[in-house]
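As a plain string of letters, each chain reads:
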Amino acid sequence: MADIQAGRLSGPELAENFADVHRPLSGAEALAEANRCYFCYDAPCINACPTGIDIPGFIRAIATGNVGGAAMTILQENIFGGSCARVCPTEILCQGACVRNDPPLAIGLLQRHATDHLEPGAPHPFSRAPDTGRKVAVVGAGPAGLSCAHGLARQGHEVVVFEARDKPGGLNEFGIAAYKLPDNFAQHEVGFILAIGGVELRHGQQVKLGQLRRDFDAVFIGVGQGGVRGLDLPGMDLAGVHNAVDYIAALRQTDLAGLPVGAKVVVIGGGNTAIDIAVQSKRLGAEDVTIAYRRGPKQMGATRHEQDFAQINGVRIKHWLQPVRLESEGGEVRAAVFASAQTAVETIIPCDMVFKAVGQTYAPVADDGLELADGRIAIDRDGRTSLSDVWAGGDCVAGEDLTVQAAQDGKLAARAIDAYLQENRGS
Ligand SMILES: Cc1cc2nc3c(=O)[nH]c(=O)nc-3n(C[C@H](O)[C@H](O)[C@H](O)COP(=O)(O)OP(=O)(O)OC[C@H]3O[C@@H](n4cnc5c(N)ncnc54)[C@H](O)[C@@H]3O)c2cc1C
Ligand code: SF4
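Residues numbered from 1 in each chain as written. Chains lettered and ligands numbered in written order. Predicted model: local features only at pLDDT ≥ 70, side-chain atom pairs only at ≥ 80, totals over all residues.

Draft legend 1. Examining the pairing of strand S7 (residues 264-268) more closely. Across the five residues that make up S7, a large majority, five, are buried. A crossover connection joins S7 to the parallel strand S8 (residues 288-292) through helix H14 (residues 272-284); in handedness this β-α-β unit is right-handed. (Buried ≥ 20, exposed ≤ 12 C-beta atoms within 10 Å, placed from the backbone. Helix = DSSP H or I, 4+ residues; strand = E, 2+ residues; numbered from the N terminus. Right-handed = clockwise from strand over helix to strand, strands pointing away.)

Draft legend 2. Layout of the pairing of S8. Where S7 and S8 come together, five bridges link them in parallel fashion. Note on S8: the bridge partner recorded for Val267 is Ile291. The pairing of S8 with strand S9 (residues 316-318) spans three bridges and is classified as parallel. Each bridged residue has a counterpart across the sheet, and for Ile291 the counterpart in S9 is Ile317. Taken together, S8, helix H15 (residues 304-312) and S9 form a β-α-β motif whose crossover is right-handed. (Pairing = 2+ DSSP bridges.)

Draft legend 3. Fine view of the sheet that holds strand S17 (residues 390-392). Within the open sheet, the five strands sit side by side as S3-S2-S1-S4-S17. Their pairing is parallel. Of all the strands in the sheet, the pair left with one neighbour each is strand S3 (199-203) and S17. Going from strand to strand, the sheet's axes swing by 20° on average, the running direction of each strand aside. Sheet analysis places strand S1 (residues 135-139) next to strand S4 (residues 218-221), joined by four bridges and oriented parallel. Counted as the bridge partner of Val136 is Ala218 from S4. (Axes fitted to C-alpha atoms, helices over the stretch in contact; angles between N-to-C directions.)

Draft legend 4. Here's a closer look at the site of ligand 2. In the vicinity of ligand 2 there are 14 residues, among which Cys37, Cys40, Cys45, Pro56 and Cys98 approach most closely. Only helix H3 (44-48) and helix H4 (55-63) provide two or more residues apiece to the shell around ligand 2. The class makeup of the residues in the shell around ligand 2 is 13 nonpolar, no polar and one charged. (Near = placed C-beta within 6 Å. Nonpolar A, V, L, I, M, F, W, Y, C, P; charged D, E, K, R; others polar.)

Draft legend 5. Examining unusual backbone geometry more closely. Following Asp102, the chain continues to Pro103 via a peptide bond in cis, the omega torsion being -5°. Residue placement: Pro103 occurs in the loop between helix H7 (94-97) and helix H8 (107-116). In the Ramachandran plot, Asp42 falls in the positive-phi region, its phi being about 55° despite a non-glycine side chain. As for its position among the elements, Asp42 is in the loop between helix H2 (27-34) and H3. Overall, Asp42 belongs to the exposed group, with 6 C-beta atoms counted inside 10 Å. At Asp374, a position not held by glycine, the phi torsion is positive, near 50°.

Draft legend 6. Representation of helix H5 (residues 67-77) in the model. Those residues of H5 not exposed but buried are Val67, Ala70, Ala71, Thr73, Ile74 and Leu75. Close packing links the buried residues of H5 with H4, helix H6 (81-87) and H8. (Contact = placed C-beta atoms within 7 Å.)

Draft legend 7. The arrangement of the site of ligand 1 in detail. For ligand 1, the set of nearby residues contains 36 residues, the closest of which are Gly140, Gly142, Gly170, Gly224 and Gly394. When residues of the shell around ligand 1 are traced back to their parent elements, those giving at least two are helix H9 (143-154), strand S2 (158-163), helix H13 (244-253), H14 and helix H16 (403-423). The residues that make up the shell around ligand 1 include at least three from each of domain 2 (135-226 + 362-423) and domain 3 (229-359). (Domains from an automatic or database assignment.)

This is how it looks when you write it as structure tokens:
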């Protein structure tokens, strides 16, 4: 019998395991941390932030007691400043570039301190320009799409966001590890962003690009990567074998106590998603979790920090293991078999659950006819696609697959679309 069970841990244990992974700073801690900043001229932390937030500027505002001003400095450049404060790999971005190394400034926690300062339900901090009468369609309500929608709404354009799922937020809602964005944070942030006004959200609609181009003055595509890369192994159709992204999406939407998890879990892959599914399996109560990656630690898509985090959580990471086949008993997975890249000896890892986490792919929007580059939408420096009235950004174009990069892409595209609409006034 398979040992896949729901409720391996009690409700309070699950609540503890999936609670906020970072404790927020108190007011006194934030003040002390802000006062460690050198307020560098030509600050390297700003250059390392994909959205170019004036980091010393907002830290100085915290240091002088102006926490609301700090929040505005952040949100001016990145309307997803709240979630980025929680999910950004700061160790390779702003904090990684900080000139202090004793240790670097806790920029992520300071950003969170500032953005958390905005009261829920308070008036939206930005106002809209007068209505321009121009209409823009945004496809996808993830960080890229909503960042673009917010930027366009600020300029006075009317925006309709078409979202395939029944909830907005993209991977902030369906993908990021639950302990990074607990307490329904993604939906609260979407509510805050949409409070600018002028943005209509339409769910569950199959859109065709040709039709959108006829109905709107411009289009932004921010559909992420809806496809899953294939892994053609004997046994991939066995019971107990899952796509990591599908399981994480279910985990983010379900009562954790009812979510079945194996006793012995194997994760095939080496990126963010592999780390997240492995750690979350462990925190759901799996006894033994192994990430098997076909190359070495340096080639893993997951950062060193994430690899350490997985190991602190009791996850074993094995390198140089090329998956060969899955073995079964009664139609259920029982072992994952690997060829060792170094010794040519087979490694057999007993398991009752296997997650495939080998990456996602761009799934084209119907009827798009867009040029691609390396399997994603080809764009120019302004985010414009091969069609002159269509822009794209986020995970569906080349670049870092990070929330902060998606927010930046959406912001820049909104500026470019606004300039295009002004140039083509009356057309
Ligand atoms: C498991 C996992 C963990 C991650 N963890 C982190 C992390 O800790 N930190 C970090 O910075 N980044 C992380 N990322 C990456 C980050 O989530 C993405 O880079 C970011 O969400 C990309 O934003 P996006 O708007 O381009 O796409 P998405 O967030 O994927 O949003 C795209 C939206 O478009 C919708 N859509 C798709 N096709 C259509 C269609 N045809 N019509 C209408 N709507 C459509 C989708 O339903 C979705 O809502 C993680 C990714 C994964 C998979
Ligand atoms: S690099 Fe570090 S010390 Fe310098 S401004 Fe940025 S956060 Fe402050």
